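Read off the chains here:
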Amino acid sequence: MPDASPGDAGPAVSVDEAVAAEGPTSETPVGDKAGFRLAAFGAVLVVVLFAGYGLGRLNNSTTSASAPPAAETQTGAAMPGMAMPSTAVDENQPHAHNADGSSVQAGAAMPMGAAVGGLSLSSGGLTLAPEATTFPAGRTQPLRFRVAGAGGAPVTTYAVVHDKPLHLIVVRRDLTGFQHLHPTMAADGTWETDLTLAEPGIYRMIADFTAIVGGQQVATTLGSDLTVAGDYTPRPLPATARSDNPDGFTVSYEGTPGTEATQPLLMTVTGADGKTAKLDPYLGAFGHLVVMRQGDLAYVHVHPEATLVDGKVKFWLTAPSSGSYRLFFDFQVAGRVHTAEWSLKVD
């Protein structure tokens, strides 16, 4: 549950490489012959250096500094059309997904007030296109959708990020009924997953992915509404708290997110026996944190440090703005995924 860098510069050619390109000689040049060879070598070197300079300027002039790099094909990918990402951000280190789906590493480079995603149906030349947006209450129904490119054709190649090519978040607009799903894609670019929406209301589906378009990675987070007909009374956001009890576990967190600095959040999972639970890696990490803002359902997906800190999962978070939020923490124990939830007020 779905991270841009400058394009490659032109090839740099060193003097040693130019000399090596000349290859070994059968004799040592002397007199006029030596002068001729040295002059020829100098001419070649000037041409090579100017060519490299020109290529470098050409690449820099046609590639935006924010353009994503070309994807590296994954050997033995689990699904056709999938590739491993090549990004400047280390996906195994703590980071957040921004408004356009790109990632920012935690630390000094993290922006003040993290950007958010999932608010738009279309972004970065890509459009989320669900086949149907009306669902019955309490009954399982396939959710099918495509991601269309600028010309309307479906995108069929994606980078694998956090073990999946696409992460799908579904939640009702009162921030209840949270689900983190992973649809599968058919050869024609249609994504599908079984979806059950328990109660009437308006739900938000948020697709977090990195598409491969024209050999370039386009990291994007798109959203669309789903409707379940019936009497709907929004539930108030639960009171702020620091602990939750999903499936018999006690999950608590330490830390206070703010808008002006990146702050650590430490998640502790305790089993029914009172001992710290043994967490399994889930989607390439020991947990995943989704932060959603009340009102517009602005979305931030945060990933933790690669190793546990005294048995705790450590995230770094900058709150997008002041306001009320709901935190959803996915973790896995003994092969089963659980979700803890908290309300958060940021002043």
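None of the values given here were measured: they were computed from a predicted structure.

Right, let's get into the pattern of salt bridges. If charged atoms from side chains of opposite charge come close, those side chains can pair. Counted by the stated rule, this structure contains 11 salt bridges. Between Glu-199 and Arg-235 there is a salt bridge, and its shortest N-O distance comes to 2.7 Å. With Glu-199 in the loop between β12 (191-196) and β13 (201-213) and Arg-235 in the loop between β14 (216-228) and β15 (243-244), this residue pair connects regions lying 36 residues apart in the sequence. Accessibility expressed as a relative area gives 31% for Glu-199, which makes it partly exposed. The class for Arg-235 is partly exposed, based on a relative accessible area of 44%. Arg-326 is the partner of Glu-341 in a salt bridge, and the nearest nitrogen-oxygen pair spans 3.3 Å.

The strand order across the open sheet formed by five strands is β4-β5-β7-β12-β11, and the pairing between neighbours is antiparallel. Each edge of the open sheet carries a strand with a single partner, namely β4 (122-123) and β11 (184-185). Where β11 and β12 come together, two bridges link them in antiparallel fashion. In the strand pairing of β12, Thr-184 is matched with Glu-192.

Turning next to unusual backbone geometry. A positive phi angle is found at Leu-175, which is not glycine, with a value near 65°. Positionally, Leu-175 belongs in the loop between β9 (166-172) and β10 (179-181). In the Ramachandran plot, Ala-334 falls in the positive-phi region, its phi being about 55° despite a non-glycine side chain. Looking at the element boundaries, Ala-334 is found in the loop between β21 (323-333) and β22 (336-346).

With that out of the way, let us pick up the pairing of strand β19 (residues 299-303). Extensive coverage of β19 is indicated by the burial of five of its five residues. Going residue by residue along β19, you find Tyr-299, His-301 and His-303 tucked away on one face and Val-300 and Val-302 tucked away on the opposite face as well. One ladder, built from four bridges, connects strand β18 (residues 288-293) with β19; its direction is antiparallel. Opposite Val-290, over in β19, you have His-301 as the bridge partner.

Across the sheet, four strands lie side by side as β15-β16-β17-β20; this open sheet has antiparallel pairing. Both outer strands of the open sheet, β15 and β20 (313-317), are each paired with one neighbouring strand and no more. Bridging between strand β16 (residues 250-254) and strand β17 (residues 263-270) involves five bridges; their strand directions are antiparallel. Considered in β17, the bridge of Ser-252 is made with Thr-268.

Nonpolar side chains in soluble globular proteins tend to be buried together. Counting residues in hydrophobic clusters, the biggest one holds 28 residues, and the most contacted among them are Met-267, Leu-289, Phe-329 and Phe-331. Residues within four places of Phe-331 in sequence aside, it is in contact with Pro-246, Phe-249, Val-251, Val-269, Leu-279, Phe-286, Arg-336, Val-337, His-338, Thr-339 and Ala-340. One finds Leu-128, Leu-166, Leu-197 and Ala-211 within the second-largest nonpolar core, a separate group that totals 25 residues.

Let us now look at the environment of Thr-157. Relative to the assigned elements, Thr-157 resides in the loop between β7 (140-148) and β8 (158-159). Each C-alpha atom of the pair Thr-157 and Gly-215 lies 9.5 Å from the other, and the pair is 58 residues apart in sequence.

Below, the discussion takes up the environment of Tyr-325. Its location among the elements puts Tyr-325 in strand β21. In this structure Tyr-325 touches Leu-237, Val-291, Met-292, Arg-293, Gln-294, Pro-320, Trp-342, Ser-343, Leu-344 and Val-346, once residues within four positions along its chain are discounted. From its side chain, Tyr-325 meets the backbone oxygen of Ser-321 in a polar contact 2.8 Å long.

What follows deals with the confidence of the model for the chain. Across the chain, the average pLDDT comes to 78, with 67% of residues at or above 70. Overall, residues 1-78 carries pLDDT values under 50, and its contacts beyond four positions in sequence, including any with other chains, amount to 88 contacts. Predicted confidence for residues 86-95 stays below pLDDT 50, and this span has 41 contacts to residues more than four positions away or in other chains.

Attention now moves to the side chain of Lys-314. Its location among the elements puts Lys-314 in strand β20. This buried residue, Lys-314, is left without a salt bridge; Glu-305 holds the nearest opposite charge, at 4.1 Å. Apart from residues no more than four positions distant in its own chain, Lys-314 is found in contact with Pro-264, Leu-265, Leu-266, Pro-304, Glu-305 and Val-309.

Cut-offs used in this document
Residues numbered from 1 in each chain as written. Predicted model: local features only at pLDDT ≥ 70, side-chain atom pairs only at ≥ 80, totals over all residues. Heavy atoms only, no water. Salt bridge = Lys/Arg side-chain N within 4 Å of Asp/Glu carboxyl O. Helix = DSSP H or I, 4+ residues; strand = E, 2+ residues; numbered from the N terminus. Buried < 20%, exposed > 50% of the residue type's maximum accessible area, 1.4 Å probe, protein only. Pairing = 2+ DSSP bridges. Core = buried A, V, L, I, M, F, W, Y, C linked by side-chain atoms within 4.5 Å. Contact = heavy atoms within 4.5 Å. Polar contact = N/O pair within 3.5 Å; in protein donor to acceptor, adjacent residues only side chain to side chain. pLDDT = per-residue confidence, 0-100. Lys, Arg positive; Asp, Glu negative; His and termini not counted.

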